[in-house]
Amino acid sequence: MASPTPELLFELPNFMRVYKDGTVERFIGTEIVPASTDPTTGVRSKDAVIDQETGVSARIYIPKTTANANDNKKLPLLVYFHGGGFCIETAVSPTYHHHLNSLAAEANVVVVSVDYRRAPEHPLPAAYDDSWAAIKWAASHSKGGGPEVWLNECVDFDRVFFAGDSAGANISHHMGIRVESENPDGFKLVGIALIHPYFGGEEPIGGERDNAAGKAMGDKLWLFACPTSRGLDDPLFNPGKDPNISKIGCGKVLVCVAEKDMLRDRGWYYKEELVKSGWGGVVEVMEAEGENHVFHLINPTCDNAVAMLKRLAAFMN
């Protein structure tokens, strides 16, 4: 006799299902690719364990035109946080591996792509804690004595950037605030790039008013990933409600939005709130016409994706 199907607890259609017995089914982002030398760009990658206890790791990318400890042309460092609603995708999926090969080559930067723990097995704030641990681990190389030779020899720690897409953009923002408050020794955060940031709030704004179902799904996902949240106006989800928004520890921010993305208006709202906060830096928005959420990962060779890749590269140089 077949065992009964467990009762469904949460579903993100086409992406994942979670059952009340704790079983998690993920339908995308489960494939992994090994670190390698990319034949197209010449970018090399390797994996590093950051914390043996939690299992947090990173994939490091180094461009073909790598500097070394014997010259004065060390490269900027990009710490990247992948998207996936805090629940799906990994730093070693084909999607992010290919994207960061391209970005490392185009921008000529060293990349540390953080593989943080995901909900629901590890609900928020685990992803924030893991991301901060990765930042401190990267900073530990600033004086040349860290465990990874590539970071010791090739990185200019006065030119550090954070970036991420969707949930990873949310993480990038909060790591920027944490840099200002905790000031890890050894590096200077220059800028943050938020790509299609996953933010929300109790009151609908812009196009959310005409897409109640889409907003409801985004809201439900947040409360699922962060069961201890104060709600939809939690500062972790709604930066406009965060009294610390002005304390981002860098001088410039780039926000990338897509015209047809349900989160588009949250990106523009973020810019408005950052400016209103009194933060003294420069924030710019790049909007891709006719595109949807994370289009650049789905169709990386389209004109808008290529334009965004070049804008991100320029932002870091």
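Keep in mind that this is a model prediction, so the values were computed, not measured.

### Observations concerning the overall build of the chain
Within the chain, the secondary structure is distributed over eight helices and 11 strands. The C-alpha atoms of the chain give 19 Å as radius of gyration, which agrees with the globular expectation for 317 residues (20 Å, within 12%). Principal-axis analysis of the C-alpha atoms gives the chain an extent of 65 × 55 × 40 Å. With 317 residues in all, the chain has 54% of them scored as buried. Partitioning the intrachain contacts of the chain with sequence separation of at least 6 by distance along the chain shows that 71% fall at a separation of at least 24. Carbon together with sulfur atoms contributes 49% to the accessible area of the chain, which is approximately 14000 Å² in total. Here the chain contributes 30 positively and 42 negatively charged side chains, and the mean placements of these two sets differ by 4 Å.

### Focus on the state of the cysteines
Under the defined criterion, the tally for this structure stands at zero disulfides. Not engaged in a disulfide, the cysteine Cys-256 finds its nearest cysteine sulfur in Cys-302; these two sulfurs lie 13 Å apart. Residue classification places Cys-256 among the buried residues on the basis of a relative accessible area of 1%.

### So, the side chain of His-141
Along the polypeptide, His-141 turns up in the loop between helix H2 (126-139) and helix H3 (149-154). Residue contacts for His-141: discarding those within four places in its chain leaves Gly-146, Pro-147, Glu-148, Leu-151, Asn-152 and Phe-157.

### Structural notes on the pattern of salt bridges
Tallied over the full model, the rule gives 18 salt bridges. A salt bridge links Glu-11 to Arg-17; its shortest N-O distance comes to 3.1 Å. A salt bridge links Arg-159 to Asp-156; the nearest nitrogen and oxygen atoms lie 2.9 Å apart. According to the relative accessible area criterion, Arg-159 is partly exposed, its value standing at 30%. When salt bridges that share partners are traced, they join Glu-11, Arg-17 and Glu-25 into one network.

### Examining the sheet that holds strand E1 (residues 8-12)
Ordered in space as E1-E2-E3, the three strands form an open sheet in which the pairing is antiparallel. The sheet terminates laterally at E1 and strand E3 (24-26), the two strands that pair on one side only. Adjacent strand axes in the sheet meet at a mean angle of 10 degrees when their direction is disregarded. Bridge analysis of E1 against strand E2 (residues 16-19) gives four bridges, and the strand direction is antiparallel. Each residue of the ladder has a partner; that of Leu-12, found in E2, is Met-16. Together, E1 and E2 form the strand contacts of helix H5 (residues 212-225), whose direction differs from that of E1 by roughly 125 degrees.

### Looking at the sheet that holds strand E9 (residues 189-195)
Across the sheet, which stays open at both edges, the eight strands sit in the order E4-E5-E7-E6-E8-E9-E10-E11 with mixed pairing between neighbours. Edge positions in the sheet fall to strand E4 (44-51) and strand E11 (282-288), since each has one partner strand and no second. Mean inter-strand twist for the sheet, computed between neighbouring axes without regard to direction, equals 20 degrees. As paired strands, strand E6 (residues 75-81) and strand E8 (residues 155-165) are joined by six bridges and run parallel to one another. If you follow Leu-77 over to E8, its bridge partner there is Val-160.

### Looking at the packing of aromatic side chains
Note on aromatic pairs: each is described by the distance of the centres and the angle between the planes. For the structure on display, the rule yields 11 aromatic pairs. Between Phe-81 and Phe-162, the ring centres sit 6.1 Å apart and the planes meet at 80 degrees, which makes this aromatic pair edge-to-face. Here Phe-162 lies in strand E8 and Phe-81 lies in strand E6, a separation of 81 residues in the sequence. Take Phe-81 and Phe-162: they sit in the same class, and that class is buried. Aromatic side chains Phe-86 and Tyr-128 sit 6.0 Å apart centroid to centroid with 65 degrees between the ring planes, which places their arrangement in the edge-to-face category. A residue pair is termed long-range when its members are at least 10 positions apart, and Phe-86 in the loop between E6 and helix H1 (94-107) and Tyr-128 in helix H2 qualify at 42 residues. Of the two residues, Phe-86 and Tyr-128, neither departs from the other in class, the shared state being buried. These aromatic residues form a ring-pair network of at least three members: Phe-86, Tyr-128, Tyr-198, Trp-222 and Phe-237. Here Lys-46 stacks its cationic end above the ring of Trp-150, 5.3 Å away from the centre of that ring.

Basis of the calculations
- Residues numbered from 1 in each chain as written.
- Predicted model: local features only at pLDDT ≥ 70, side-chain atom pairs only at ≥ 80, totals over all residues.
- Heavy atoms only, no water.
- Helix = DSSP H or I, 4+ residues; strand = E, 2+ residues; numbered from the N terminus.
- Rg over C-alpha atoms; globule rule 2.2 N^0.38 Å.
- Buried < 20%, exposed > 50% of the residue type's maximum accessible area, 1.4 Å probe, protein only.
- Contact = heavy atoms within 4.5 Å.
- Areas by Shrake-Rupley, 256 points an atom, 1.4 Å probe, with all protein chains shown as cover.
- Lys, Arg positive; Asp, Glu negative; His and termini not counted.
- Charge placed at Lys NZ, Arg CZ, Asp CG, Glu CD.
- Disulfide = S-S within 2.5 Å.
- Salt bridge = Lys/Arg side-chain N within 4 Å of Asp/Glu carboxyl O.
- Pairing = 2+ DSSP bridges.
- Axes fitted to C-alpha atoms, helices over the stretch in contact; angles between N-to-C directions.
- Phe/Tyr/Trp six-rings, centres within 6.5 Å; stacked < 30°, edge-to-face > 60°.
- Lys NZ or Arg CZ within 6 Å of the ring centre and 35° of its normal.

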